[in-house]
Amino acid sequence: MRPTILVTGAEGQIGFELVRLLAPHGDVIAANRARLDLAQADAIVAAVRGAKPALIVNAGAYTAVDRAESEVSVARAVNGRAPGILAEEAKRLGALLIHYSTDYVFDGARSTPYPEDAAPAPLNVYGETKLAGERAIAAVGGHALVFRTSWVYGLRGKNFLLTMRRLAAERDELSIVADQIGVPNWSHALAEATVRVVAAGLSVAVDRAGLYHLSATGRASWHEFAKAIVGDAARPRVVPITTAEYPTPARRPAYGVLATQRFEAAFGFALAEWRETLARCMASTKERAG
Ligand SMILES: NC(=O)c1ccc[n+]([C@@H]2O[C@H](COP(=O)([O-])OP(=O)(O)OC[C@H]3O[C@@H](n4cnc5c(N)ncnc54)[C@H](OP(=O)(O)O)[C@@H]3O)[C@@H](O)[C@H]2O)c1
């Protein structure tokens, strides 16, 4: 029998890709924000009890990092409380929950990749609320895979890749922060990895329940990422600046590279290097355009 799979945040960067890639593996219920508002506890309970899924993939989140500083209660509800409710409902059904979290749970004080058990110390409300979500899932003690990732981009939604492309068409010079280090991750590659885990069997995934870092390999500054997007053309010039020169409402970690060995050992594969994946993403745009 085909399992029912409930995907929340179905129109987000990862959610959109998941809905399509999961379709061969079950009957997918694509719950966008209009269908399931994760800020409403009762709505979550009703949606899960109505759907009775074998798998819930929570791709919904409050991801506006700067806005979260002033919209704390909604960020808490969506990122901190909803994952715990999904975990409770999944446990009640004996279902698996897959959830995503972020490198922003860390303060960025390290200079070597963060393992899963490094002490979290978020610098901003978004990171705090995402950490609360991880903890809420752990407290339920059901079957859950939590994948922390970083710097998600793709061909739809709001992200750095699309912003750089827009600005490159408008300006002769882009000033981009060069002293924050992380790893860019294509939403499609993250969804593919998630589906590969699911395709190996839900019982295998249940056996390996826990917290994992899921990321492309390598490292980059935002400046390097911008240069890789814009390419070698003379225009626009991509000028490195410091975080201090680009103040934002939310503080961001200076370093957020995630060590991925635990995921690789558990699931038997690694994601590619970020530049290779970016090239795949950009080539797929050309295919669509051509
Ligand atoms: N984006 C990143 O750089 C990044 C980095 C590390 C980890 N992550 C994590 O990866 C996961 C997926 O993120 P993403 O990049 O795909 O984010 P995204 O593109 O912002 O997608 C999140 C989705 O959640 C939806 N959403 C927001 N509030 C909601 C609510 N109250 N009820 C239901 N849905 C709601 C959004 O809808 P609207 O568009 O209508 O708001 C959006 O479709 C999240 O857990 C995120 O924390 C993301």
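Residues numbered from 1 in each chain as written. Predicted model: local features only at pLDDT ≥ 70, side-chain atom pairs only at ≥ 80, totals over all residues. Heavy atoms only, no water.

1. Thoughts on the site of the ligand
Part 1 of the argument: Around the ligand, the structure places 24 residues, and the nearest of them are Arg33, Leu38, Thr63, Tyr126 and Lys130.
Part 2 of the argument: Between the ligand and Gln13 there is a distance of 2.9 Å, counted from an oxygen atom to a backbone nitrogen or oxygen.
Part 3 of the argument: A distance of 2.9 Å separates a nitrogen atom of the ligand from a polar atom in the side chain of Asp37.
Part 4 of the argument: Compared with its free state, where it exposes 890 Å², the ligand has 81% of that area covered by protein.
Part 5 of the argument: Listed by contribution, the elements that provide at least two residues to the shell around the ligand are helix H1 (13-22), strand S4 (96-102) and helix H4 (125-140).
Part 6 of the argument: Counting residues per element, the shell around the ligand draws most heavily on S4, which supplies three residues.
Part 7 of the argument: A per-class count over the shell around the ligand returns eleven nonpolar, nine polar and four charged. (Near = heavy atom within 4 Å. Polar contact = N/O pair within 3.5 Å; in protein donor to acceptor, adjacent residues only side chain to side chain. Areas by Shrake-Rupley, 256 points an atom, 1.4 Å probe, with all protein chains shown as cover. Helix = DSSP H or I, 4+ residues; strand = E, 2+ residues; numbered from the N terminus. Nonpolar A, V, L, I, M, F, W, Y, C, P; charged D, E, K, R; others polar.)

2. Digging into the sheet that holds strand S10 (residues 210-213)
Part 1 of the argument: Reading across from one edge, S2-S1-S3-S4-S5-S10 is the order of the six strands in this open sheet, with parallel pairing throughout. Two strands bound the open sheet, and with one partner strand each, they are strand S2 (27-31) and S10. Neighbour-to-neighbour, the strand axes of the sheet open up by a mean angle of 20°, direction not taken into account.
Part 2 of the argument: As judged from the four bridges shared by strand S1 (residues 4-8) and strand S3 (residues 55-58), these two strands associate in the parallel manner. Note that in S3 the partner of Ile5 across the bridge is Leu55.
Part 3 of the argument: Across the sheet, H4 lies against S4, strand S5 (143-149) and S10, angled at about 155° from S4, the strand it touches most. (Pairing = 2+ DSSP bridges. Axes fitted to C-alpha atoms, helices over the stretch in contact; angles between N-to-C directions. Contact = heavy atoms within 4.5 Å.)

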